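Each chain is listed here by its residues.
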Amino acid sequence: MSIPVITAIQAASESVPSLTPADRRMLVAHIHRYLEDYRRDVLGDLPDRRCGWMLRLIEAVSSKARGIVEADAKEFRSIMVEFEKLLVVLDDLRLSHKWSEQPVVLH
């Protein structure tokens with residue numbers, strides 16, 4: 001599910017200095033779309049109150065997109081690395097959990 005976006009993030013992380021602002025915007029939009037698709041396709045059967053964390057994440061990416069795009073090269077690379085980690089975790093969760101069950105809370 002997330003392989004194309006992860007591949008795009010990895011490629012962007014390796015070539016940050018050569019990315020144009022349009023390239024960066026497109027990548028952030030791709031990540032945002034992935035999160036929205038994940039909410040709809042994977043968590044779609046859950047009411048909003050059970051996946052508010054995902055809704056907050058989607059809103060945060062949307063509201064901070066401009067700042068991400070305008071970050072200096074080092075910070076942008078760091079943000080992309082963190083997004084890559086997040087998408088890997090989400091994909092692992094998608095494959096390993098049945099979201100109709102109550103989530104397990106780890107403390």
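Undergrad: What should I look at first to understand the packing of aromatic side chains in this one?
TA: Under the counting rule described, the total for this entry stands at one aromatic pair. Aromatic side chains Tyr34 and Tyr38 sit 6.0 Å apart centroid to centroid with 40° between the ring planes, which places their arrangement in the tilted category. Pair noted here: Tyr34 and Tyr38 are both in helix α2 (residues 21-41), with a separation of four residues, about one helical turn. The class for Tyr34 is buried, based on a relative accessible area of 6%. When its relative accessible area of 0% is taken as the criterion, Tyr38 is described as buried.

Undergrad: Where do I start with the packing of helix α1 (residues 3-14) against α2 in this structure?
TA: Packed helices, taken two at a time, are described by their axes: the angle between them and the distance between them. Following both chains from N to C, one finds α1 and α2 inclined at 155°, their axes separated by 10 Å at the closest point. Classified by the interaxial angle, the pair formed by α1 and α2 is roughly antiparallel. The element α1 and its partner α2 pack so that their crossing is left-handed. In this structure, α1 contributes Pro4, Val5, Ala8, Ile9 and Ala12 to the contact, and α2 contributes Leu27, His30, Ile31 and Tyr34.

Undergrad: I'm lost on helix α3 (residues 52-69) in this one. Help?
TA: Given 3.6 residues to a turn, an α-helix orients residues that are three or four positions apart in the same direction. Helix length check: α3, at 18 residues, gives a terminal C-alpha distance of 25 Å against a target of 26 Å (1.5 Å per residue), a fit within 8%. At Ser63, α3 shows its maximal bend, which comes to roughly 50°. Looking only at α3, the buried set comprises Gly52, Met54, Ile58, Val61, Ala65, Ile68 and Val69. Of the surrounding secondary structure, the elements contacted by the buried residues of α3 are α2 and α4 (73-96).

Undergrad: Sorry, what's going on with the nonpolar core here?
TA: The tendency in soluble globular proteins is for nonpolar side chains to be buried side by side. Ranked by size, the top nonpolar core spans 28 residues in total, and within it Ile9, Val28, Ile31, Leu35, Phe76, Met80 and Leu87 carry the most contacts. Elements that contribute at least two residues to this core include exactly α1, α2, α3 and α4. Excluding anything up to four places from it in sequence, Ile31 contacts Val5, Ile9, Met80 and Phe83.

Quick notes on the rules
- Residues numbered from 1 in each chain as written.
- Predicted model: local features only at pLDDT ≥ 70, side-chain atom pairs only at ≥ 80, totals over all residues.
- Heavy atoms only, no water.
- Phe/Tyr/Trp six-rings, centres within 6.5 Å; stacked < 30°, edge-to-face > 60°.
- Helix = DSSP H or I, 4+ residues; strand = E, 2+ residues; numbered from the N terminus.
- Buried < 20%, exposed > 50% of the residue type's maximum accessible area, 1.4 Å probe, protein only.
- Axes fitted to C-alpha atoms, helices over the stretch in contact; angles between N-to-C directions.
- Parallel < 35°, antiparallel > 145°, perpendicular 65-115°, else oblique.
- Left-handed = near helix turned anticlockwise from the far one by under 90°.
- Contact = heavy atoms within 4.5 Å.
- Expected span 1.5 Å × (residues − 1).
- Bend = angle between axes of the 7 residues up to and from the residue.
- Core = buried A, V, L, I, M, F, W, Y, C linked by side-chain atoms within 4.5 Å.

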